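A structural walkthrough
The chain contents come next:
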Amino acid sequence: MLFRILPIVAIGLVFSCGAPQSNGGGKDIFNIAISNVEPDSFIDFGIDIDIFNVDSTVRLVDSEGNEIPYQLEDRNHNGTPDKIFALVDVAPSSTLEIAAVSGGNVMRPSARVQVFNTIDGSPSITHTYTGNESWAFGGIVMENDWIAYRALMQSPFAYDVIAKRQRPLVLATVGGSVEPGQPWGGDVLEEKNTLGFGSPALYDYSDIIPLSSFDSKEIEVLSNGPLRSEVKITTRGVPVRDEKIDVAVRWILEAGKHWAQVHVEILTVTDLSLQVAFGMPRHPDASDFTQGKTGEVHFAYTHGLQSSGGEQLGLGLLVPGVFEIDHYREDPSSFYYLATPIGQKVQYRMLAAWVQGPLNIFDEVDFLGLVKGYARAYDLPPSVKVSFPQ
């Protein structure tokens with residue numbers, strides 16, 4: 001199996017408050033302990049820490065004195081960072097100790113992720129969709145050092161796969177075109193009249209309801225690399241029977257992974273028994289919707305000659321076992337998972353690998369190995385604990 005490295009990562013969410021101001025005196029602001037009880041290494045494991053009153057002079061240093069690159073995020077756009085995100089490697093059956101120290105020369109990471117939310121020639125952090133815009137790449141694109149995904153900003157508002165032949169970031173150099181068959185890669189998924197790949201929709205008893213009929217869409221770039229990008233798309237006024245439903249989707253891409261993570265939240269309080277639907281196109285030259293479970297994570301995939309150029313392409317979905325899921329079998333053009341929300345929310349991951357991509361995954365066995373490796377990492381990530389000096 002060509003799973004040469006272990007790009008198996010999970011996000012550790014730790015909520016903290018009241019961190020002291022970094023004053024440049026080398027003072028410990030907080031400490032992080034990342035514990036891995038598994039027999040496998042975690043490469044590029046993402047640590048996501050809420051912060052308060054911490055400025056850009058903070059350094060992350062491990063117990064051996066190595067500085068760890070990170071990105072600061074101002075997710076509410078008020079001019080003050082509210083998150084630190086870093087990628088670390090964690091050895092098997094070990095605990096990685098990291099100190100956040102004020103002052104000194106901060107190591108800035110190279111760009112490994114980028115988002116393109118370029119409308120009428122200009123990047124946009126926040127935008128209300130009108131339908132009259134000219135979007136670079138036809139929609140919102142997020143690229144990392146393995147792959148890229150796109151959220152189309154036109155009907156059917158599907159997600160699709162932009163594949164690359166090499167790992168370096170390339171989309172900033174291609175002039176806004178992701179047409180298939182270009183030397184660097186291109187659009188490898190023909191979504192046609194389907195919802196594309198991993199695109200969230202609502203399910204009401206017997207009907208799949210795409211988020212393509214709506215009153216408004218609000219787009220917000222919550223972070224834009226260099227290690228993680230996140231875009232929030234809020235769709236308001238989706239018609240379901242005689243109601244209008246608002247849905248927020250957070251779409252996340254980290255460096256070093258084939259997967260993008262999707263968080264769906266039904267914002268409207270309703271008595272309707274809504275589920276969240278997501279899936280992938282059916283293709284006559286690909287395998288059936290094959291399902292399995294690794295630990296407490298459900299997975300499903302297809303693999304075969306299903307790219308837009310008739311090449312081998314694997315598509316996979318990962319769903320935490322905490323969600324009750326079903327398989328919707330009635331649609332002739334798509335396979336769907338149906339997930340029952342918990343607290344109006346559903347979370348899952350979508351991943352793809354193209355035969356010409358950097359991993360050169362040639363057959364279904366290799367792709368299944370990739371899917372299972374990511375499922376294991378999703379199931380049993382390291383734990384992250386943050387503590388503050390007394």
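For the structure, see preceding data.
Small disclaimer: the values here were computed from a predicted structure and weren't measured. (Residues numbered from 1 in each chain as written. Predicted model: local features only at pLDDT ≥ 70, side-chain atom pairs only at ≥ 80, totals over all residues. Heavy atoms only, no water.)

Quick word on the overall build of the chain
Inclusion rule: Comment: elements are numbered from the N terminus, with helices defined as DSSP H or I runs of at least four residues and strands as E runs of at least two. Classification of residues uses two cut-offs on accessible area relative to the type maximum, computed with a 1.4 Å probe and protein chains only: under 20% is buried, over 50% is exposed, and between them is partly exposed. Contacts are residue-level and defined by heavy atoms, with any inter-residue pair within 4.5 Å sufficient.
Of regular secondary structure, the chain possesses 1 helix and 30 strands. With the C-alpha coordinates of the chain rotated into their principal frame, the extents come out at 65 × 45 × 45 Å. The buried share of the chain, reckoned over its 390 residues, is 58%. At a minimum sequence separation of 6, the contacts of the chain that also span at least 24 residues come to 68%.

Structural notes on unusual backbone geometry
Each neighbour pair has its own omega, and for Ser155 with Pro156 the value is 15°, a cis peptide bond. As for its position among the elements, Pro156 is in the loop between strand E14 (148-152) and strand E15 (159-164). Note that the residue after Gly225, namely Pro226, is joined by a cis bond; omega there is 15°. With respect to the helices, strands and loops of the structure, Pro226 is situated in the loop between strand E19 (216-224) and strand E20 (228-240).

Comments concerning the packing of aromatic side chains
Put simply, the test is: The criterion for an aromatic pair is that two Phe, Tyr or Trp rings (for Trp, the six-membered ring) have centres within 6.5 Å, with stacked assigned to planes under 30 degrees apart, edge-to-face to planes over 60 apart and tilted to the rest.
On inspection of all chains with the given rule, the structure shows 15 aromatic pairs. Ring centres 6.5 Å apart and planes at 45° place the aromatic pair Tyr149 and Phe197 in the tilted group. Of this pair, Tyr149 sits in strand E14 while Phe197 sits in the loop between strand E16 (185-187) and strand E17 (201-204), and the two are 48 residues apart along the sequence. When sorted by exposure, Tyr149 lands in the same class as Phe197, which is buried. Ring geometry for Phe289 versus Tyr337: centroids 5.3 Å apart, planes at 80°, classification edge-to-face.

Section: the side chain of Thr294
Residue placement: Thr294 occurs in strand E24 (residues 290-294). In this view, Thr294 contacts Phe299, Lys372, Ala375, Arg376 and Asp379; residues no more than four positions away in its chain are not counted.

Some remarks on the pattern of salt bridges
Applied cut-off: Salt bridge, as used here, is a side-chain nitrogen of Lys or Arg placed within 4 Å of a carboxyl oxygen of Asp or Glu.
Enumeration according to the criterion identifies 20 salt bridges in this entry. Residue Arg75 is joined to Glu230 by a salt bridge in which the shortest nitrogen-to-oxygen separation is 2.6 Å. In this pair, Arg75 sits in the loop between strand E6 (70-73) and strand E7 (83-90) while Glu230 sits in strand E20, placing the two residues 155 residues apart along the sequence. One salt bridge in this structure joins Arg241 and Asp204, with 3.0 Å as the shortest N-O distance. Of the two residues, Arg241 sits in the loop between E20 and strand E21 (243-254) while Asp204 sits in strand E17, which places them 37 residues apart along the sequence. Looking at Arg241, the relative accessible area reads 54%, which means it is exposed. Since its relative accessible area comes to 6%, Asp204 is described here as buried. A single network of salt bridges, built from pairs that share partners, joins Asp48, Asp50, Glu73, Arg75, Lys83, Arg228, Glu230 and Arg250.

Digging into the environment of Asp331
Along the chain, Asp331 falls in the loop between strand E27 (325-328) and strand E28 (334-339). Along the primary structure Asp331 and Pro281 are separated by 50 residues, whereas in three dimensions their C-alpha atoms are 9.9 Å apart. Leave out the neighbours within four places in its chain, and Asp331 touches Arg282 and Tyr336.

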